[in-house]
Amino acid sequence: MPSADLRRLLLRVQTDADFYNLMLVDPQRALAGYSITPQEQEVLLRRDRSIYQFLIPPRPKPTVFAEKEPEEPDEPSPPSLNLTLPPLPPPDPLLGPPSPHPPEPPLPEPPEPPDVFPNPLPPNPPQIFPDPPEIFQSPPIPINFLSGLNVGTDVAEVPASLITTIQQSSGEERVQGIVQLLKTLDRR
Amino acid sequence: MANETEETQRSKEAFDLYIVGLGIMGVRQITREVDNVLRRSREVLFIDQGFGVEDYLAQACDRVTDLFPISYRELDPRINAYDRIAAQVLRAALDHPPVTFAVYGHPMVYVYPSTQVLRAAKLLGLRVQVLPGISTLDALLIDLGLDPGFYGLQMYEATDLLLRDRPIQPDVPCVLWQVGAVETGLHSTAPSIPARFQRLQAHLLKFYPPNHEAAAIYTSTFPLAPSNMARFPLGEFATRYPQLPQGATVYIPPVQLRDVVNKDLLADTVSIDHLDRIIVRAPDQKLPG
C-alpha cells in the first residue's frame, strides 16, 4: 500500500501534465514537495515495472453471496474512501462549483533553459524481461470476454411478457428479469 | 415503473445509457467525450482496476459503482459475472437514466458485457451510445512499432483459437488475447502451470517452426512504468508463459512476408490510365506536371 503522499503523487502524475513532464525531466525536483519513503523514492526514480507494486488495489473483502441479494438503495452511497483528489480540468460551468481539493505542492520554478533542449519524452522502448523472466506484481486486468459464443445478428425469440415484466418491475425482480433476458439472448 | 419525474428527466437527455472505454492507463487515457458523458450521468458503473480510476470517476459523478467485486467469484463461470454486470447496468439505465457503463480499455474489444447490454437495451427500448477507448491493441502497436497496414493483422482469443481449431496465416502478424485465461470459462486468479499452455503451443507449432520467436507483452498501465516484453521461441511457449503476468498479450511476428504476386496490379496502382478506368474524372481536371 502506498503512503498517503505517494498515493497523492501517483494520482497527480495522471492528471497534471506539467507535473508528469517534470517527473520525466527532473524527478528529484518533482518529488521535493512530497513526503515519501526512501524506498518509494528509489522506485519512482528507477521508473521500471517495480512501480506496479504501489498500484495494486487492496484485495476486496470476501463477498458473501446470499441466495437472494439485497436490493441496492436508491440513494447514492457515500464514498468508501477518504480520498485526496488530484486537480482536474475546469469543470462544466453548468454542473456547479467543483468540490474543494487540498492544494498540491506547487511545482518548482522551471530551471534555466539548457543549451540543447532535451527531449522530455525520450524513446522508451519496452523493457525486456530478464532471462529467465519472472512474475512481477501487477494490477489485475479484468478478463471480460468468453470464448465459444456464437453471437449472430439474429434476435432470439424473446417473450413480450418478459420485456413487460422487466419494464414494470423494480429492484431485484427487475435484475432477475434482465438476467433471464440475457440468458435467452446467449447462444452457445 | 418510471414516474413522471424520471420521464421528464429522460426527455431532456439524448441517451439513457453510455457504454464507454476508459483506456488502459489509469485515468490518463480518458477521452474528452468520455469525460463529458461521465459528468452528465446519474450513475457510473465501472470495471477497471486501474490506479486512481475510482477516485476520478467519483469526482465526475456522485454515484459510482465498482462492478468487479460484485460480479466475479472465484471458480464461478465468467458468464455469470457478465450476466451480473450487464444486469446491473441495464437496471440502472431503466431506473435512473442516463447512466454510464465504463470499462477498462475499449468497450467493444473483448468485453462481452458490452455486447450483452447492447442487445438487451434494444429490446428494452433504451437509447445507447458507445464511445471508444484506447485498447491494449492500440498500445501494443506502439510497443511493437507495428503498423498493420503493411502486412495485415490477425488476432484471436486464445481459447477460441483452440475451440474452433482456427488456422493461422503465418505470413500475417498475429496477436493472441486472454492467453492467461486459456482453456477455462471460469474465473480464477490462481497461477498457471505449463500444462495449461501445452495444447496452445501444439496448435501454434502446426503453423510456425519451434524456433520462431514470439513475444509476450505486458503493456504499460501507468504513465511512469514502461511496457515489458519477454521473447521466447514458440517451442518453449508452455514453459515460459506461466512465468509472466496473467495479463500479458502474445504477439507472433510473421515467419516470412508474402511476396507481391500481382505485378500488373502493382504497376496499375501508379498509372493514370488505370485510375481513369476506375474513377469518373472531371473533364477540366488536369494531370499533375
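The rules behind each value
- Residues numbered from 1 in each chain as written.
- Chains lettered and ligands numbered in written order.
- Predicted model: local features only at pLDDT ≥ 70, side-chain atom pairs only at ≥ 80, totals over all residues.
- Helix = DSSP H or I, 4+ residues; strand = E, 2+ residues; numbered from the N terminus.
- Buried ≥ 20, exposed ≤ 12 C-beta atoms within 10 Å, placed from the backbone.
- Contact = placed C-beta atoms within 7 Å.
- Domains from an automatic or database assignment.
- Nonpolar A, V, L, I, M, F, W, Y, C, P; charged D, E, K, R; others polar.
- Core = buried A, V, L, I, M, F, W, Y, C linked by C-beta atoms within 7 Å.
- Pairing = 2+ DSSP bridges.
- Axes fitted to C-alpha atoms, helices over the stretch in contact; angles between N-to-C directions.
- Expected span 1.5 Å × (residues − 1).
- Arc of directions from axis to C-beta.

Asker: How should the overall build of chain B be read in this particular structure?
Answerer: Within chain B, the secondary structure is distributed over 13 helices and ten strands. Seen through its C-alpha atoms, chain B measures out along the principal axes to roughly 70 × 70 × 40 Å. Taken across its 289 residues, chain B has 46% of its residues classed as buried. Look at the contacts in chain B between residues 6 or more apart in sequence, and 68% of them connect residues 24 or more apart.

Asker: Please explain the domain arrangement of chain B as it appears in this structure.
Answerer: Note on interface size: it is often stated as the accessible area lost on association of the parts. Residue and element names in this part refer to chain B. Domain annotation for chain B reports domain 1 (13-134) and domain 2 (137-252). Here domain 1 and domain 2 have C-alpha centroids that lie 27 Å from each other. On the side of domain 2, 16 residues touch domain 1, which itself brings 18 residues to the contact. Of the residues belonging to the side of domain 1 that touches domain 2, the class tally is eleven nonpolar, two polar and five charged.

Asker: Hey, could you run me through the nonpolar core in this one?
Answerer: Burial of nonpolar side chains together is a common tendency in soluble globular proteins. Counting residues in each nonpolar core, the largest one holds 110 residues, and the members touching the most others are B:L57 and B:L90. What B:L90 contacts, discounting residues up to four positions off in sequence, is A:I178, B:V117, B:A120, B:A121 and B:L124.

Asker: Can you help me understand the pairing of strand β4 (residues 99-103) of chain B in this one?
Answerer: Side-chain direction in a regular strand flips from residue to residue, so the side chains alternate between the two faces of the sheet. Residue and element names in this part refer to chain B. β4 sits mainly inside the fold: five of its five residues count as buried. Burial along β4 is two-sided: the face carrying V99, F101 and V103 and the face carrying T100 and A102 are both buried. Pairing of strand β1 (residues 17-21) with β4 involves five bridges; the strand directions are parallel. Paired with V20 across the strands is A102, a residue of β4.

Asker: I tried to follow the sheet that holds β1(B) on my own but got confused; where do I start?
Answerer: Strand pairing within a sheet occurs via backbone hydrogen bonds; the two strands may be parallel or antiparallel. Residues and elements named next belong to chain B. Strand order in the open sheet formed by five strands is β3-β2-β4-β1-β5, and the pairing between neighbours is parallel. Of all strands in the sheet, those with a lone pairing partner are β3 (64-66) and β5 (128-131), marking the two edges. The sheet shows a mean angle of 15° between the axes of neighbouring strands, direction not considered. Docked against the sheet, helix α5 (residues 78-95) engages β1, β2 (43-47) and β4, running at close to 170° with respect to β2. Each of β1, β4 and β5 touches helix α6 (residues 112-124); the most contacted strand, β1, lies at about 160° to it.

Asker: Any chance you could explain the pairing of β2(B) here in plain terms?
Answerer: Residue and element names in this part refer to chain B. Counting buried residues in β2 gives five out of five residues, a clear majority hidden from the surface. Residues E43, L45 and I47 line one face of β2 and the alternating positions V44 and F46 line the opposite face, and both faces are buried. Strand direction decides the pairing type here: β2 and β4, joined by five bridges, are parallel. The residue of β4 that forms the bridge with V44 is T100.

Asker: Honestly, α6(B) in this entry has me stumped. Any pointers?
Answerer: Given 3.6 residues to a turn, an α-helix orients residues that are three or four positions apart in the same direction. Given a rise of 1.5 Å per residue, 13 residues ought to cover 18 Å, and the 18 Å separating the end C-alpha atoms of α6(B) matches this to within 8%. On its buried face, α6(B) is in contact with α5 (160-168) and α6 (171-185) of chain A together with β1, α5, β4 and β5 of chain B. Positive phi shows up at B:G125, right after α6(B), with a value of about 75°.

Asker: Help me understand helix α10 (residues 195-204) of chain B, please; the structure alone is not making it clear to me.
Answerer: All names here are of chain B. Along α10, the positions that sit buried rather than exposed are F197, L200 and L204. Angularly, the buried residues of α10 cover 55° about the axis, an arc narrow enough to put them on a single face. Exposed and facing more than 90 degrees away from the buried side of α10 are A195 and A202. At its buried positions, α10 is contacted by α9 (158-163) and α11 (237-240).

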